[in-house]
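Chain and residue survey
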There are 4 protein chains.
Amino acid sequence: MPNTIGRLLTLTSFGESHGAALGGVVDGYPAGIRIDKDFIASEMARRRPGSTSLGTKRSESDSVEILSGVYNGISTGMPIGFIIRNTSQRSSDYSSIEHCFRPGHADYTYTMKYGIRDPRGGGRSSGRETACRVFAGALSKLMLAEHGIRVDAGVTMLGGIEAADYEWDPPFPPPLYAPRCSALEAMMKAAEDAMRDGDSVGGIIECRAQGVPAGLGDPAFGKLDAALAAAIVSIGAVKGIEFGAGFRSASMRGSENNDGMRTENGRAVFLSNNAGGILGGISNGNDIVFRAAVKPTPSIAKEQMTITDGMEDTRISVHGRHDPTIAPRAVSVIEAMTALTIADAMLMKRAYER
Amino acid sequence: MPNTIGRLLTLTSFGESHGAALGGVVDGYPAGIRIDKDFIASEMARRRPGSTSLGTKRSESDSVEILSGVYNGISTGMPIGFIIRNTSQRSSDYSSIEHCFRPGHADYTYTMKYGIRDPRGGGRSSGRETACRVFAGALSKLMLAEHGIRVDAGVTMLGGIEAADYEWDPPFPPPLYAPRCSALEAMMKAAEDAMRDGDSVGGIIECRAQGVPAGLGDPAFGKLDAALAAAIVSIGAVKGIEFGAGFRSASMRGSENNDGMRTENGRAVFLSNNAGGILGGISNGNDIVFRAAVKPTPSIAKEQMTITDGMEDTRISVHGRHDPTIAPRAVSVIEAMTALTIADAMLMKRAYER
Amino acid sequence: MPNTIGRLLTLTSFGESHGAALGGVVDGYPAGIRIDKDFIASEMARRRPGSTSLGTKRSESDSVEILSGVYNGISTGMPIGFIIRNTSQRSSDYSSIEHCFRPGHADYTYTMKYGIRDPRGGGRSSGRETACRVFAGALSKLMLAEHGIRVDAGVTMLGGIEAADYEWDPPFPPPLYAPRCSALEAMMKAAEDAMRDGDSVGGIIECRAQGVPAGLGDPAFGKLDAALAAAIVSIGAVKGIEFGAGFRSASMRGSENNDGMRTENGRAVFLSNNAGGILGGISNGNDIVFRAAVKPTPSIAKEQMTITDGMEDTRISVHGRHDPTIAPRAVSVIEAMTALTIADAMLMKRAYER
Amino acid sequence: MPNTIGRLLTLTSFGESHGAALGGVVDGYPAGIRIDKDFIASEMARRRPGSTSLGTKRSESDSVEILSGVYNGISTGMPIGFIIRNTSQRSSDYSSIEHCFRPGHADYTYTMKYGIRDPRGGGRSSGRETACRVFAGALSKLMLAEHGIRVDAGVTMLGGIEAADYEWDPPFPPPLYAPRCSALEAMMKAAEDAMRDGDSVGGIIECRAQGVPAGLGDPAFGKLDAALAAAIVSIGAVKGIEFGAGFRSASMRGSENNDGMRTENGRAVFLSNNAGGILGGISNGNDIVFRAAVKPTPSIAKEQMTITDGMEDTRISVHGRHDPTIAPRAVSVIEAMTALTIADAMLMKRAYER
């Protein structure tokens with residue numbers, strides 16, 4: 001089931017960029033949780049087009065209509081159906097590229113796979129699909145909050161400029177959703193320069209889940225980091241993920257990379273967190289920490305070489321409402337997928353407890 | 001199902017490091033494929049302890065007994081059951097650490113999760129589990145070979161030393177399973193130095209799948225890169241994965257990162273492969289390329305701080321048969337998981353073709 | 001995932017009887033199929049309240065809004081999201097029974113399981129949920145029609161009166177959706193008598209799938225009849241299912257029950273169909289035939305003994321818009337679940353073909 | 001995954017009648033349960049060929065080797081791998097029918113589906129596969145016993161003779177595994193008469209699960225009765241299943257079929273059990289009761305018409321070691337599938353509890 005993620009807590013989503021609506025079903029959501037609609041709206045707002053001054057000018061309200069599974073403001077344990085109407089469908093924007101494969105997009109691969117594609121704004125492969133993820137993530141966060149777990153992410157590199165000397169004091173403010181630090185201005189400038197050039201920049205997002213108890217995740221193929229990797233890499237623009245010391249650990253020695261342990265007031269503590277909070281696929285009680293690489297927005301005004309669906313060489317300049325960088329808006333999506341994955345792992349853990 | 005991976009072609013595995021046997025079931029393997037036992041044995045040999053001069057001295061023969069699903073040397077479409085007997089079970093080696101959590105291992109997390117653990121050699125969380133993956137990968141490669149697809153991996157960084165100026169001419173030779181290049185000696189020395197110090201090193205493995213047709217993978221959560229990420233990160237020692245330009249793409253501009261297209265003899269070609277062969281989660285006909293970070297072997301002779309399961313501080317020095325680096329042996333495992341994932345995606349694609 | 005059925009072609013549904021809307025997602029529907037909206041509407045109409053003169057007076061239009069997955073009238077291979085608005089929500093009808101467990105309903109079990117329940121019209125456990133099934137079934141029928149497969153069902157027993165001496169010449173007409181036969185009047189009278197008495201009757205529905213090729217279904221737990229059994233018994237009112245000779249075969253001898261074979265114009269034919277078209281869980285090319293037992297409508301005006309959620313004895317008389325028999329309306333639901341299951345099996349078969 | 005059943009507690013099985021071994025993996029089995037090997041052996045013995053005087057003369061010891069997941073006699077939460085060696089492989093018995101489709105068997109459908117089949121004793125479609133089910137069922141019973149749940153089944157009709165005036169006082173004795181009653185002799189005679197005639201008889205098995213708490217099962221497609229129907233119909237010889245009043249309820253009025261409720265010592269009690277312990281797909285605290293129809297053994301000495309795989313008409317008389325009835329041996333299999341399904345539902349329930 002390509003459009004479903006999760007095992008016990010699942011999101012099944014549907015919807016194209018310029019169709020009537022996006023939406024989906026969150027199944028396995030426990031009964032008895034208060035559904036805070038303001039919180040959901042605030043989460044949706046962080047992902048919404050136009051949420052950053054860098055963002056696309058497309059202004060979708062992204063208001064979610066919950067259709068089932070909630071009674072008197074409380075979850076009932078039934079599947080939560082929801083839709084998000086597309087209110088700003090300017091298909092004409094896209095008619096010029098209907099027969100052309102935009103570089104960096106899924107236009108070519110969808111055509112090769114399905115023979116048919118909805119060309120309006122990228123159809124299903126559009127980033128607009130992530131609105132459903134943020135909704136499911138908001139529900140997951142409400143569930144996790146009951147257990148003292150919080151999930152935050154921030155942009156720690158943008159356009160080659162790394163955030164430096166920062167503290168982890170989320171939530172991080174728009175427009176960059178980056179930790180407060182001296183590099184913020186340079187990061188902003190990198191994005192604005194790209195925008196001015198009709199180009200775009202990528203970035204790196206760090207995510208931390210705090211308060212996660214030891215014992216989430218499963219052996220072998222059910223490892224928590226494997227599930228997180230799938231969830232995060234399933235976000236269109238993500239090209240890599242690393243946990244804890246990640247790629248850096250490949251250059252470390254074992255004695256340096258292993259996280260030693262000590263007891264403190266009768267509790268186990270780790271002397272470092274190179275593992276990123278996960279050992280053998282199971283959470284160890286430390287913060288879960290990972291970083292994801294977000295590629296530069298593929299839609300750029302700058303002219304690029306491509307081909308038509310009639311197999312003719314051509315050049316393309318993608319105009320319209322595009323972000324010079326997706327990274328700031330991806331912050332909420334990465335938090336959402338992380339929250340969903342951890343909430344799912346919590347249900348799995350409970351199932352097997354005696 | 002924690003111990004199962006795949007959708008249409010699945011591996012369900014079982015077994016602990018020092019139990020009677022490892023094994024599993026490969027389900028969904030198509031009927032009519034010739035099962036080349038010599039090929040399977042050669043794949044197993046690459047992963048086997050002692051396959052590199054750097055490796056553990058534990059000598060498991062790792063011979064696979066196929067119990068079903070093959071008749072007269074041909075697959076029948078029925079589930080393929082298999083076992084790999086553990087012939088070298090020196091449990092006494094591990095008795096000294098039964099009540100102690102080895103840093104970098106899953107000892108602590110398994111204990112926290114299950115209340116009980118098989119302490120012999122790491123039990124289920126031991127790397128020995130990957131033998132089953134290599135078997136399933138060998139079957140997958142036999143299936144992919146019928147379609148002209150091959151999967152190869154090689155160590156491209158070891159102990160901080162990068163392979164340089166190499167060509168991709170697999171298969172790569174033991175003991176390092178790295179591309180032939182001028183840095184080989186330095187890579188070897190890095191591992192040997194660590195061994196001499198009672199320590200270990202990590203590395204980076206690059207994997208390429210060649211001959212993959214466009215159209216494998218699915219939208220949203222069924223993306224081919226998401227499936228690969230889960231498959232690769234589910235390997236115990238892997239701490240990160242990146243596709244194509246990966247983390248480097250986060251510092252690139254869109255105009256640089258996008259892979260332009262041209263037609264060549266009536267076929268679509270890409271002018272670069274920063275995408276790593278996957279666009280919008282679906283293969284584009286280019287080589288699929290990714291890199292995985294392998295952490296240094298956690299079992300080291302060097303003394304480390306840890307605690308006992310009675311919550312007392314202690315120090316530990318892990319002796320026994322350990323590799324100073326896991327990376328060379330992980331090459332076959334990464335190939336296996338990649339082959340399994342791609343073969344599964346091929347079956348998925350066929351299902352929906354008219 | 002409780003609210004999802006199928007493996008490659010799946011329906012995930014949501015919605016309560018008196019919530020804002022029902023709906024769901026059909027995932028895995030192949031690209032390139034013409035979506036005939038008139039056909040879908042006609043299928044919905046057969047299940048709709050008020051479709052039989054025996055039916056509830058509740059008049060839902062049951063019009064389906066397709067939100068995604070269809071472009072220019074053709075399926076795109078993307079998930080098909082849909083909603084069916086509840087237009088006739090007279091919750092006040094149900095207020096009197098909010099704290100009372102209606103006999104034969106899920107009121108008690110939902111309360112025991114979830115601690116909370118949506119009391120309006122049975123909430124999620126209402127038969128209204130089957131509207132989503134009929135929509136998915138209509139899509140499935142469109143897909144099956146391309147392969148010359150049709151699925152029909154009819155009421156062959158109602159209120160103890162068996163349809164006699166009939167031919168299988170579907171589609172069967174309202175209000176009974178039974179094969180044309182001499183017993184029709186008596187069947188109708190049985191239902192009307194029950195209605196007059198404030199009571200209800202059950203019935204038996206026979207279903208046949210014609211044109212199904214040999215080879216659908218899988219070994220062991222993937223048997224086609226097992227999948228059909230799950231699909232049909234998951235319909236709320238169904239209390240039993242039997243294939244081919246079914247329970248009668250338990251009284252037969254092997255020589256009588258086995259379907260002998262002969263060749264006819266070079267093709268294999270069976271001399272009988274006691275197997276109901278399935279051998280070893282795989283279709284044999286014969287018609288697939290089964291019968292399902294539908295219990296009498298539990299909502300009756302007649303007074304019954306029950307208890308309150310405060311654990312007090314009471315009596316209840318369920319008034320409102322109820323059918324004296326569900327069987328005629330269940331015909332379309334049984335066809336839908338059968339079509340969905342067979343279409344799913346077709347995709348599975350294709351996946352493994354070389 | 002055709003050869004896997006269950007959601008949180010799963011059995012994945014493999015093996016052909018005359019291959020090297022059958023076996024599989026039980027995944028999701030909770031940690032900390034004492035694995036009583038004597039109990040497992042006694043369960044295996046009830047299904048074993050030769051367990052009844054009516055049975056086949058093939059004498060398999062059916063001893064199970066547990067390969068993982070158990071340490072010091074206690075389950076560890078890891079997957080439990082197991083094999084059952086085939087010790088009595090007289091393939092020569094079957095050579096005469098290698099190119100002939102035995103009526104009532106899967107020979108024809110497997111050939112049509114896979115193009116290839118293992119002809120030795122029916123290969124994968126042989127009833128021998130059920131040995132793995134009984135093993136998984138035995139583990140499930142050990143788990144259920146901790147919660148005061150027991151599952152029993154008995155033959156209540158054989159060869160057309162119904163067990164009469166019996167009490168439900170399991171376990172029921174061999175050779176018939178039927179409740180003690182006055183009809184036992186006539187049931188036995190019906191089977192012996194068929195055996196003498198080179199023929200076979202079918203039967204009906206009733207199964208009851210006692211001590212099941214209210215709240216097991218899920219809405220919509222996750223109904224407990226739907227899961228049981230799939231599990232039971234997946235047993236090769238089963239042609240039908242009915243819950244509670246089952247097909248009889250189709251002839252009842254609602255006022256008669258509904259189970260009224262009363263309180264007794266502050267607890268809810270039902271005044272009857274026509275629902276078979278399940279309402280809206282969720283257990284109601286009553287005994288879960290169903291009946292399954294078992295067809296007569298298809299392998300009979302009596303000559304039958306059939307065709308060859310070269311599409312020629314022929315006649316066949318199946319000799320060898322066959323039971324005149326499968327029903328008594330199916331009793332243990334039906335119990336096993338029921339126990340597995342209920343244990344799985346218990347884990348699901350726990351997952352969602354707060």
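Residues numbered from 1 in each chain as written. Chains lettered and ligands numbered in written order. Predicted model: local features only at pLDDT ≥ 70, side-chain atom pairs only at ≥ 80, totals over all residues. Heavy atoms only, no water.

Focus on the overall build of chain A
Each helix and strand counted, chain A has seven helices and 18 strands in total. On C-alpha atoms alone, chain A measures out to a radius of gyration of 21 Å, which is about the 20 Å that the 2.2 N^0.38 rule sets for 354 residues. If you line up chain A on its principal axes, its C-alpha atoms span 70 × 50 × 35 Å. Of the contacts formed within chain A by residues at least 6 apart in sequence, a portion of 69% connects residues at least 24 apart. Once the 38 positive and 40 negative side-chain charges of chain A are each reduced to a mean point, those two points are 2 Å apart. (Helix = DSSP H or I, 4+ residues; strand = E, 2+ residues; numbered from the N terminus. Rg over C-alpha atoms; globule rule 2.2 N^0.38 Å. Contact = heavy atoms within 4.5 Å. Lys, Arg positive; Asp, Glu negative; His and termini not counted. Charge placed at Lys NZ, Arg CZ, Asp CG, Glu CD.)

A few points about the sheet that holds strand 3 (residues 21-27) of chain B
All names here are of chain B. Taken in spatial order, the five strands make up an open sheet running 1-2-3-7-4, and their pairing is antiparallel. Of all strands in the sheet, those with a lone pairing partner are strand 1 (4-5) and strand 4 (64-66), marking the two edges. Pairing of strand 3 with strand 7 (residues 80-85) involves six bridges; the strand directions are antiparallel. If you follow Val26 over to strand 7, its bridge partner there is Ile80. (Pairing = 2+ DSSP bridges.)

Side note on the relation of the copies chain D and chain C
Superposing chain D onto chain C takes a rotation of 180 degrees plus a shift of 0.0 Å along the axis, which leaves an RMSD of 0.0 Å. The two molecules are tied by a two-fold rotation axis, judged by turn and shift. Closest approach to the rotation axis within chain D is made by the C-alpha atom of Ala230(D), at a distance of 2.5 Å. Comparing interface residues between copies, 100% of those in chain D also sit at the interface in chain C, which points to an isologous, same-surface contact. (Least-squares fit on C-alpha atoms with pLDDT ≥ 70 in both.)

Comments concerning the packing of helix 1 (residues 37-47) of chain A against helix 7 (residues 327-352) of chain A
Two quantities define a packed helix pair, namely the angle between the helix axes and the distance between the axes. All names here are of chain A. With their axes 7 Å apart at the nearest point, helix 1 and helix 7 run at an angle of 135 degrees to one another. Here helix 1 lies oblique to helix 7, going by the angle between them. Here helix 1 contributes Glu43, Arg46 and Arg47 to the contact with helix 7, which in turn contributes Arg329, Val331, Ser332, Val333 and Glu335. Of the residues in the contact of helix 1 with helix 7, the class split is two nonpolar, one polar and five charged. (Axes fitted to C-alpha atoms, helices over the stretch in contact; angles between N-to-C directions. Parallel < 35°, antiparallel > 145°, perpendicular 65-115°, else oblique. Nonpolar A, V, L, I, M, F, W, Y, C, P; charged D, E, K, R; others polar.)

A closer look at unusual backbone geometry
The residue after Pro174(A), namely Pro175(A), is reached through a cis peptide bond having omega 5 degrees. Residue placement: Pro175(A) occurs in the loop between strand 9 (161-162) and helix 4 (184-196). Across the junction of Pro170(C) and Pro171(C), the peptide omega takes the value 0 degrees, indicating a cis bond. Secondary-structure assignment places Pro171(C) in the loop between strand 9 (161-162) and helix 5 (184-196). For Ala220(A), which is not glycine, the phi torsion reads 50 degrees and is therefore positive. Secondary-structure assignment places Ala220(A) in the loop between strand 10 (203-210) and helix 5 (224-233). Using a relative accessible area of 4% as the deciding quantity, one classes Ala220(A) as buried. If you check the backbone angles, Asp165(D) has positive phi at about 55 degrees while not being a glycine. Here Asp165(D) shows up in the loop between strand 9 (161-162) and helix 4 (184-196). (Buried < 20%, exposed > 50% of the residue type's maximum accessible area, 1.4 Å probe, protein only.)

Quick notes on helix 1 (residues 37-47) of chain D
One turn of an α-helix holds 3.6 residues; hence residues three or four places apart share an orientation. Every buried residue of helix 1 of chain D is accounted for by Ile40(D), Glu43(D), Met44(D), Arg46(D) and Arg47(D). Taken down its axis, helix 1 of chain D places every buried residue within 155 degrees of arc, on the same side. (Arc of directions from axis to C-beta.)

Focus: the interface of chain D and chain C
Accessible area lost during the coming together of the parts is what is often quoted as the interface size. Taken together, the contact between chain D and chain C spans 105 residues of the former and 105 residues of the latter. Taking both sides of the interface into account, the surface hidden between chain D and chain C amounts to around 7900 Å²; carbon and sulfur atoms contribute 62%. When the buried area of chain D at its contact with chain C is split by residue, Phe221(D), Lys239(D) and Phe247(D) rank highest and sum to 11% of it. Linking chain D to chain C there are six salt bridges. Here the element with the most residues in the side of chain D that touches chain C is helix 2 (residues 107-114) of chain D; it accounts for six residues. Within the side of chain D that touches chain C, the residues separate by chemical class into 48 nonpolar, 35 polar and 22 charged. (Buried area = accessible area lost by both parts, 1.4 Å probe. Salt bridge = Lys/Arg side-chain N within 4 Å of Asp/Glu carboxyl O.)

Quick word on the packing of aromatic side chains
Residues and elements named next belong to chain D. Per the counting criterion, the structure on display carries 26 aromatic pairs over all chains. Taking 5.6 Å as the distance between ring centres and 55 degrees as the angle between the ring planes, the aromatic pair formed by Tyr110 and Tyr114 counts as tilted. Residue Tyr110 and its partner Tyr114 are both found in helix 2; the two are separated by four residues, about one turn of the helix. Assigned by exposure class, Tyr110 and Tyr114 land together as buried. (Phe/Tyr/Trp six-rings, centres within 6.5 Å; stacked < 30°, edge-to-face > 60°.)

Focus on the packing of helix 1 of chain A against helix 3 (residues 130-145) of chain A
Residues and elements named next belong to chain A. Between helix 1 and helix 3, the shortest axis-to-axis distance is 9 Å and the interhelical angle comes to 140 degrees. For the pair helix 1 and helix 3, the sense of crossing is right-handed. Contact residues: helix 1 offers Phe39, Ile40, Glu43, Met44, Arg46 and Arg47, while helix 3 offers Thr130, Ala131, Val134, Phe135, Ala138, Leu139, Lys141 and Leu142. Broken down by class, the residue content of the contact of helix 1 with helix 3 amounts to nine nonpolar, one polar and four charged. (Left-handed = near helix turned anticlockwise from the far one by under 90°.)

Observations regarding the interface of chain A and chain D
Listed by partner, the interface residues are 16 residues for chain A and 16 residues for chain D. Run the count over chain A and chain D and you get zero salt bridges. Viewed at the interface, chain D and chain A are joined by four residue pairs in polar contact (both at pLDDT 80 or more). (Polar contact = N/O pair within 3.5 Å; in protein donor to acceptor, adjacent residues only side chain to side chain.)

Overview of the pairing of strand 18 (residues 313-316) of chain A
Residues and elements named next belong to chain A. In the sheet, strand 17 (residues 304-307) pairs with strand 18 via four bridges, with the strands oriented antiparallel. Looking at the pairing, Ile307 lines up with Asp313 of strand 18. Where strand 17 folds back on strand 18, the antiparallel hairpin that results is connected by five residues, among which Met311 adopts a positive phi of roughly 65 degrees.

A look at the sheet that holds strand 9 of chain A
Reading across the sheet, the 10 strands line up as 9(A)-8(A)-10(A)-16(A)-11(A)-11(B)-16(B)-10(B)-8(B)-9(B) and stay open at both edges, with antiparallel pairing between neighbours. This sheet does not close on itself; its edge strands, each paired only once, are strand 9 of chain A together with strand 9 (161-162) of chain B. The sheet contact formed by strand 8 (residues 150-158) of chain A and strand 9 of chain A spans two bridges and is antiparallel. Pairing of Met157(A) across the sheet is with Glu162(A), part of strand 9 of chain A.

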